[in-house]
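Chains, contacts and geometry: an overview
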Amino acid sequence: MRRAGLAAGVAVAIAALGAPLLLGRGTLNDLWNLALAVVLASSWNILGGFAGQVSLGYSVFLGIGAYTTVLLSLRGVDPFATLVPGALLAAAFSVVIGLPGFRLRGPYFTIATIGVGEAIRVAASSVSFTGGSSGVRMPAGSFEFGRNYLGMVILAIATVAIAALVRRSAFGHTLAAIRQDVDGAEALGVDATRFKLAAHALSAGLVALAGGLYAINFQYIAPGAVFDFRLSLSIVLMPIVGGIGTVVGPLLGALVVSTIQLKLLELPALRDSYLFIYGGLLIAVILFEPKGLVGLARRIVAALRTPGATPRAADAR
Amino acid sequence: MPGEALLSVRGLRKRFGGLLAVAGVDFDVARGEVFGIIGPNGAGKTTLFGCLVGALRSTAGEVRFLGERIDGLPCHRIVRRGLVRTHQIVRPFREMTVADNVAIGAHFGRGAHRAARAARAVRDVLERTGLAHRADTLAGALTIGELKRLEIARSLATEPAALCLDEVMGGLNPGEIAGAMALIRAIQASGVTVLMIEHHVHAVAAVSDRIMVLNFGRKIAEGSPSAVLADPAVVEAYLGSETPIEAA
Amino acid sequence: MARFLTVAVNSLLAAGLYAEMAYGLAVIYGVMRIINLAHAGVMMLGAYLTLTLFSGLGLDPFLAFLIVGPVFLALGMGLYHAVVRRLPHGGSTPTMGSLLLLFGVWLVLQNFAYLMWSGDTQSILTGYTMKSVPVLGVRVGIPSLLVFLASGASLLFLNLLLKTTYLGKAIRAVTQNRDAAMLAGIDAEAISALAFGLGCAFAGVAGGMLATLYAFTPDFGRSFLLKSFCIIVLGGMESVTGVAAGALVLAIVENSLAVYTAIPISFQDAITFAILFLALVVLPEGLTGLFARAPRLRGAQ
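Residues numbered from 1 in each chain as written. Chains lettered and ligands numbered in written order. Predicted model: local features only at pLDDT ≥ 70, side-chain atom pairs only at ≥ 80, totals over all residues.

**Here we look at helix 9 (residues 192-218) of chain A**
Residue and element names in this part refer to chain A.
- Between its first and last C-alpha, helix 9 extends 38 Å over 27 residues, near the 39 Å set by a 1.5 Å rise per residue.
- The buried fraction of helix 9 is high, at 24 of 27 residues.
- At the exit of helix 9 stands Q219, carrying a positive phi of roughly 70°. (Helix = DSSP H or I, 4+ residues; strand = E, 2+ residues; numbered from the N terminus. Expected span 1.5 Å × (residues − 1). Buried ≥ 20, exposed ≤ 12 C-beta atoms within 10 Å, placed from the backbone.)

Set out below in structure tokens:
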């Protein structure tokens, strides 16, 4: 099963990389958005799914990556060279939030992250060196879509690979133990805070890289867009819908949510209904299949294998 | 170091709001002994363990382990120093296999093993606790007796100098209790000091070198099992309360 | 001295508003250990309903509670039976599932509002909206004053309800120990439904009052949700008077900072968040935790 999955993954990766040779600009744009969604969903899942710490403030890291890229590029640095400093800055900030934040359990941590997100958005809108509420623009002449596309696809492939490696590593097993029972883990010698901080920093860095590429592609960023709470929301929605805590789940979720965003909402009847859909999805998943599409698929497969048996949904985590 | 206690507790107090659960307890535990702790329900025994291993922050008092103060240290650091406990209500990582559960202890305990050495350590502990045949079973599928042994196995994997067992015999049938007693003796023989909270008074009397009795957060007796069980204050504490002493 | 009076009066008024917002959240949290993220959405809907009653029927917003209250009580209970009931709740700590579920409900409520009333900014302008009276030398807007009085009335009402009626005692019992309450014959499920309804009723009424003071859109409520949460954390999460005290503390801090320092108003959210953060980390039992050594005051429950 694992080898089939790996083969499928490699095939998809090659197809994605080769797509510019065959597909038109419009489709490539959609794929770019999908790749971005994959990076965001998979990265978030490292802290939110593997370690079980749900943060509703991840737009902060996207914004840090985006702003670092723009502000450094305006000072003459090559845009792609700004990506790493942005990632490091985001990782550092994640530690700053995490040191007090991870003393809070479960939902309290989540509420605190909402607060952090809001505070940063307000700060970015008010402070002048970030351009205030009107945002900042990349220096002219730095746009080249082919390069941007490859950049995002490579980042997406790398992120999924990293998530898969983490999941199977000792680090990942420790995160799983922390997710299931943090006190039990500490009682066996695990320094849970250190592991949460590490997972947070890793995922923050990856999201920030995506933020930098975002800035390079859109050329113009504003606090209302990159620090938006709705962005944090969709980042969380994707892994939950797809299957929180798995490697494939965020991919499925990214596909579903991107499709909704790009296609479904083009239909005039549904244009103003995206919150219904997001909210409805969230409610449906929590009530009926907390393990998302992956969980649903597993249940279907199990039901097909044992005729007559109807497995119930596992308890919500 | 002959003469110096492995674990030394002075004046330990723990208050929860208006309730003084541990009201000033002093005792020493010598290296290599099995030290039993008994007392009626609500006497503060589990709270005491919580304070020793850092799961709870004590309100006052000193705890010295291997000659150094450990009160106030976070739980995981105390485990690294060699003091670990099991939980009265078992808490396995249900979505992980038995072997993976034990591996957490092997990785993060005093041994801090990696890869191959960790795998060997895990196998070794599983053999000693009789769980080798369940190594690849998900913890969520075990019986209560097996879960109790898993609790012990995980803690043993941290290679402690002292192991605190919290009512490991609770809910076991007589055959399982005999098995638990044999395991405790084997643990002691391997050089690990054992503190055990137990309600099965006769079982704990049979394996312990010394026993301490707590009531309402205070020590009311300490000494050899036979002396303690004959102490009138101890008898009154049990018969005077609602909880009858469990027969072996 | 003048500045001190300004801070004092404005703090009291703001505290009244904040407390009114927080009561609903506190009741639900106390009874079910659920953090109702839909609270902001319910307040927002309350604002819109009050607006509709005002512009359609000419009903004064401060009398609207007579309709809004019962309507939202029913809505809250309906929401409980449709959705919230299916979740595990009543444990000692809130669950992620309940948080995310009610978050989803919030999104649905927002969309509903967009479709019904459009995303345009609305506000309620009555004959007395712009008028003010002097209180201790400080000019106070009449709507603010009325909100403060309403909040005081709510505090009295809640205290009376909780202490003298059977329902109130049942609510307090379930809040303190759900299992023990059930053993005493209390139908914890029915109480939970009622509590959820009551919480939504207060949220709706609070929303209506907010509408007299602020302009609003369907997206409104997030910063008020944060403030409400901050208040119930400060107030110890289990007592209504504690909520009022928490509201007062928050209001005093905000107003003092606004008057005595140069921190701009737009940073208020950040301040609220910082207080919330500190409170959660340093004072897990709220302000009452600070007084843990003193004997528990029964009256505060």
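**As for the sheet that holds strand 9 (residues 210-215) of chain B**
Residues and elements named next belong to chain B.
- The sheet built from 6 strands is open, its strands ordered 6-7-8-3-9-10 with mixed pairing. Looking at the sheet topology across the chains shown, the edges are occupied by strand 6 (83-85) and strand 10 (218-223). Recorded for the sheet is a direction-independent mean angle of 15° between the axes of neighbouring strands.
- When strand 3 (residues 34-38) meets strand 9, the two strands line up parallel, connected through 4 bridges. Bridge pairing in strand 9 links I37 to M212. (Pairing = 2+ DSSP bridges. Axes fitted to C-alpha atoms, helices over the stretch in contact; angles between N-to-C directions.)

**Observations regarding unusual backbone geometry**
All names here are of chain B.
- The backbone phi angle of L66 is positive, close to 50°, even though this residue is not glycine.
- For L66, the position within the fold is in the loop between strand 4 (60-65) and strand 5 (68-69).
- The class of L66 is partly exposed, set by 17 C-beta atoms lying within 10 Å.
- A positive phi angle, near 50°, is found at E159, a position not held by glycine.

**Remarks on the interface of chain B and chain A**
- If you look at the interface, chain B gives 19 residues, while chain A gives 16 residues.
- Broken down by element, the side of chain B that touches chain A gets its largest block of residues, 5 residues, from helix 3 (residues 98-108) of chain B. (Contact = placed C-beta atoms within 7 Å.)

**Section: the interface of chain A and chain C**
- Taken together, the 34 residues of chain A in the interface contact 33 residues of chain C.
- Where the side of chain A that touches chain C is concerned, the elements lending two or more residues are helix 5 (106-126) and helix 13 (274-288) of chain A.
- Broken down by class, the residue content of the side of chain A that touches chain C amounts to 22 nonpolar, 7 polar and 5 charged. (Nonpolar A, V, L, I, M, F, W, Y, C, P; charged D, E, K, R; others polar.)

**Describing the packing of helix 7 (residues 170-180) of chain A against helix 9 of chain A**
All names here are of chain A.
- Following both chains from N to C, one finds helix 7 and helix 9 inclined at 115°, their axes separated by 10 Å at the closest point. Overall, the two elements helix 7 and helix 9 adopt an arrangement that is roughly perpendicular. You can see that helix 7 and helix 9 cross each other, and the crossing is left-handed. Between helix 7 and helix 9, the contacting residues are T174, L175 and I178 on the first element and A192, F195, K196 and A199 on the second.
- A per-class count over the contact of helix 7 with helix 9 returns 5 nonpolar, 1 polar and 1 charged. (Parallel < 35°, antiparallel > 145°, perpendicular 65-115°, else oblique. Left-handed = near helix turned anticlockwise from the far one by under 90°.)

**Describing the confidence of the model for chain B**
- Taken residue by residue, chain B gives an average pLDDT of 90. The fraction at 70 or more is 95%.
- For this predicted complex, the interface confidence score (ipTM) comes to 0.89, while the overall pTM stands at 0.87. (pLDDT = per-residue confidence, 0-100.)

**Considerations on the environment of P225(B)**
All names here are of chain B.
- Among the secondary structure elements, P225 is positioned in helix 8 (residues 225-230).
- Taking C-alpha positions, P225 is 28 Å from L147, a pair spaced 78 residues apart along the chain.
- Every residue in contact with P225, bar those within four places of it in the chain, is listed here: A205, S208 and I211.

**Let's talk about the sheet that holds strand 1 (residues 7-16) of chain B**
Residue and element names in this part refer to chain B.
- With respect to topology, 4 strands assemble into an open sheet ordered 2-1-4-5, the strand pairing being antiparallel. Of all strands in the sheet, those with a lone pairing partner are strand 2 (19-29) and strand 5, marking the two edges.
- In this sheet, strand 2 lies alongside strand 1 in antiparallel orientation, the contact comprising 8 bridges. When the sheet's bridge partners are listed, K14 is paired in strand 2 with V22.
- Of the strands in this sheet, strand 1, strand 2 and strand 4 touch helix 1 (residues 45-53), which is tilted by about 65° from strand 2.

**Regarding the pairing of strand 8 (residues 193-197) of chain B**
Residue and element names in this part refer to chain B.
- For strand 8, a buried count of 5 out of 5 residues is recorded, marking the element as mostly surrounded by other parts of the structure.
- Of the two faces of strand 8, both are covered, the one formed by T193, L195 and I197 as well as the one formed by V194 and M196.
- Note: strand 3 against strand 8, 4 bridges, orientation parallel. By the bridge assignment, V34 is partnered in strand 8 with V194.

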